[in-house]
Amino acid sequence: MSSPIAKLSFWGVRGSTPTVDPATWRYGGNTPCLELIAPDGTKFILDCGTGLRVLGSRWTSDPSATPATTHILVTHYHWDHIQGLPFFSPLYNETNHFQFYSFRSKFLGPDSLRQVFEAQMALPYFPVDFSAMNARRKFREVEDGESFVLGENRVTTRWLNHPQGCIGFRIETPAGIIVYATDNEPGDAALDKNLCELAADADIFVNDAQFTPGQLATTRKGWGHSSWKEGVRVAREVNAKTLVLFHHDPDSTDRIVDGILRDAREELDSVFAASEGMVITLGAPGEPVQAHMPHARASMRREAQFRACVKGLTADGREFAEETTLRDVALQGALLSLKHAPRLQSELEVVIETPSAEGVQQMRLRGYVVRIEPGVEKGTSGVGVVFTD
Ligand SMILES: [Zn+2]
Ligand SMILES: [Zn+2]
């Protein structure tokens, strides 16, 4: 019998506001939205940023993907965590059932989340009102430190340090523990302790990494966010296995996020930068997690046969070099067949050799691994790279 799997998909990873700048394309510009399918089939959505629209389109195109009931956990009411709601098409289908969880805001009073829905869709901000959403919806208020069971999974909440409040969620599934702690600034002793309790022994610890450590100490102090360094520190302190850097700043280009990830990987073994389309699977508590990017965006492809020499790092950090043939050259990247399996989100150097009148010419490119799949030939991996320069 195969072991039960928990599957965590990232549909939106950007903090504060969506971005469409091509320089942020690789990690993605949609605001926070994660989807978790627990081993027992219980389905969760974490936050309702603009990534929620993409998830909704996915469900609509594949009706078998739409579950009977979905549990939607909302961390707080800032725009970037709710702005996808009016655009989530499954909410307009009466056969769907959603159970929402969020806290009572002192600015809104009872039924805070329902009020947020209504206000967002009030005239003249949106063309149809709240009553047009005919899916069955229930709202539940949760408090700091609450713990409840959904299917075979236990959900625990903890208050975090963010302007107007924010709650973090810990979801214990039979396949392992997933912790979602975004929009949190370190420095308040009681709330720092909350974060540590939330993240204790997590298999996947998704943490706010909006700012660099330098920004957090100076110009962005008090803005309610954290850095990769704080995430690494907490992960070490509470034995969280895999850290996922999340809520990227809208001004952080892909190259800046690359640098943040590189810094974090120097201090902790298992770190990923949240990326739209990334899927992390958990097989059993304590087992290393697997990350994939099955939905990496396609681009124009050209078939080709170039000799290439590839240098990079394996998943356990060893350097490798090998000769291969480069196929399917795209405008932004290539699919390589390699005997080595490089680390997802690591850099590769690809030297392409092309014959010319003056002999063989070399083209040296830097690539970034976005995808790893079983190779066409036995013992090889198909490695998708996008070229960065
Ligand atoms: Zn946010
Ligand atoms: Zn916020």
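Note that the structure is a prediction, hence the values are computed from the model and not measured. (Residues numbered from 1 in each chain as written. Chains lettered and ligands numbered in written order. Predicted model: local features only at pLDDT ≥ 70, side-chain atom pairs only at ≥ 80, totals over all residues. Heavy atoms only, no water.)

1. Overview of the pattern of salt bridges
Argument step 1. On inspection of all chains with the given rule, the structure shows 19 salt bridges.
Argument step 2. A salt bridge links glutamate 146 to arginine 140; the shortest N-O distance between them is 2.7 Å.
Argument step 3. Between glutamate 349 and arginine 366 there is a salt bridge, with its nearest N and O atoms 3.9 Å apart. Taken together, the positions of glutamate 349 in strand 21 (residues 347-356) and arginine 366 in strand 22 (residues 359-374) put the pair 17 residues apart, joining distant regions of the chain.
Argument step 4. Accessibility expressed as a relative area gives 30% for arginine 366, which makes it partly exposed.
Argument step 5. Look at the salt bridges and you will find they share partners, linking Arg26, Arg255, Asp258, Glu347, Glu349, Arg364 and Arg366 into a network. (Salt bridge = Lys/Arg side-chain N within 4 Å of Asp/Glu carboxyl O. Helix = DSSP H or I, 4+ residues; strand = E, 2+ residues; numbered from the N terminus. Buried < 20%, exposed > 50% of the residue type's maximum accessible area, 1.4 Å probe, protein only.)

2. A look at the coordination of the zinc ion (ligand 2)
Argument step 1. The coordination sphere of the zinc ion (ligand 2), as far as protein atoms go, consists of His76 (NE2), His78 (ND1), His162 (NE2) and Asp183 (OD), spread over 2.1 to 2.5 Å.
Argument step 2. Considering all 4 donor atoms around the zinc ion (ligand 2), angles at the metal cover 87 to 179° and the coordination shape is irregular.
Argument step 3. Here the donor residues for the zinc ion (ligand 2) map to a single chain with the spacing H-x1-H-x83-H-x20-D.
Argument step 4. Between the zinc ion (ligand 2) and the zinc ion (ligand 1), a separation of 3.5 Å is found, and both are coordinated by aspartate 183. Highlighted residues: histidine 76 in the loop between strand 4 (69-73) and helix 2 (79-82) and histidine 162 in the loop between strand 8 (153-160) and strand 9 (166-173), separated in sequence by 86 residues.
Argument step 5. Accessibility expressed as a relative area gives 1% for histidine 76, which makes it buried. (Donors = N, O, S within 2.8 Å, 3.2 Å for Na, K, Ca; no water. Tetrahedral: all angles 85-135°; square planar, octahedral: opposite > 155°, others 65-115°.)

3. Comments concerning the packing of aromatic side chains
Argument step 1. Within this structure, the stated rule accounts for 15 aromatic pairs.
Argument step 2. Pairing phenylalanine 117 with phenylalanine 130 gives two aromatic rings, centres 5.4 Å apart and planes at 55°, and the pair type is tilted. Of this pair, phenylalanine 117 sits in helix 3 (residues 112-120) while phenylalanine 130 sits in the loop between helix 3 and strand 6 (136-141); the two residues are 13 residues apart in sequence, bridging distant segments of the chain. Taken individually, phenylalanine 117 and phenylalanine 130 each receive the classification buried, so the pair is uniform in this respect.
Argument step 3. Relative to tryptophan 223, the ring of phenylalanine 211 lies with its centre 6.2 Å away and its plane at 80°, an arrangement referred to as edge-to-face. Residue phenylalanine 211 is found in the loop between strand 11 (204-208) and helix 5 (213-217), and its partner tryptophan 223 is found in the loop between helix 5 and helix 6 (228-238); the two are separated by 12 residues along the sequence.
Argument step 4. Phenylalanine 211 gets classed as buried once you look at its relative accessible area, which sits at 1%.
Argument step 5. The rings of Trp59, Phe88, Phe98, Phe100, Phe117, Phe130 and Phe139 are connected pair by pair, giving a single aromatic cluster. (Phe/Tyr/Trp six-rings, centres within 6.5 Å; stacked < 30°, edge-to-face > 60°.)

4. Brief notes about the nonpolar core
Argument step 1. Counting 104 residues, the largest nonpolar core has Phe10 and Phe205 as the members making the most contacts within it.
Argument step 2. Setting aside residues no more than four positions away along its own chain, phenylalanine 205 makes contact with Val179, Ala181, Leu195, Ala199, Gly231, Val234, Ala235, Ala240, Thr242, Leu243 and Val244. (Core = buried A, V, L, I, M, F, W, Y, C linked by side-chain atoms within 4.5 Å. Contact = heavy atoms within 4.5 Å.)

5. Here's the deal with the side chain of arginine 14
Argument step 1. Locating arginine 14 in the fold gives a position in the loop between strand 1 (6-12) and strand 2 (33-37).
Argument step 2. At 4.5 Å, aspartate 254 is the nearest oppositely charged side chain to arginine 14, a buried residue that forms no salt bridge.
Argument step 3. One polar contact links the side chain of arginine 14 to the main-chain carbonyl oxygen of glycine 28, over a distance of 3.0 Å.
Argument step 4. A polar contact of 2.9 Å, which involves the side chain of arginine 14, links it to the backbone oxygen of aspartate 249. (Lys, Arg positive; Asp, Glu negative; His and termini not counted. Polar contact = N/O pair within 3.5 Å; in protein donor to acceptor, adjacent residues only side chain to side chain.)

6. Examining the coordination of the zinc ion (ligand 1)
Argument step 1. Within the protein, the atoms that donate to the zinc ion (ligand 1) are Asp80 (OD), His81 (NE2), Asp183 (OD) and His247 (NE2), at distances of 2.1 to 2.3 Å.
Argument step 2. The coordination sphere of the zinc ion (ligand 1) comprises 4 donor atoms, whose angles at the metal cover 93 to 164°; the geometry is irregular.
Argument step 3. Mapped onto the polypeptide sequence, the residues donating to the zinc ion (ligand 1) form the spacing pattern D-H-x101-D-x63-H.

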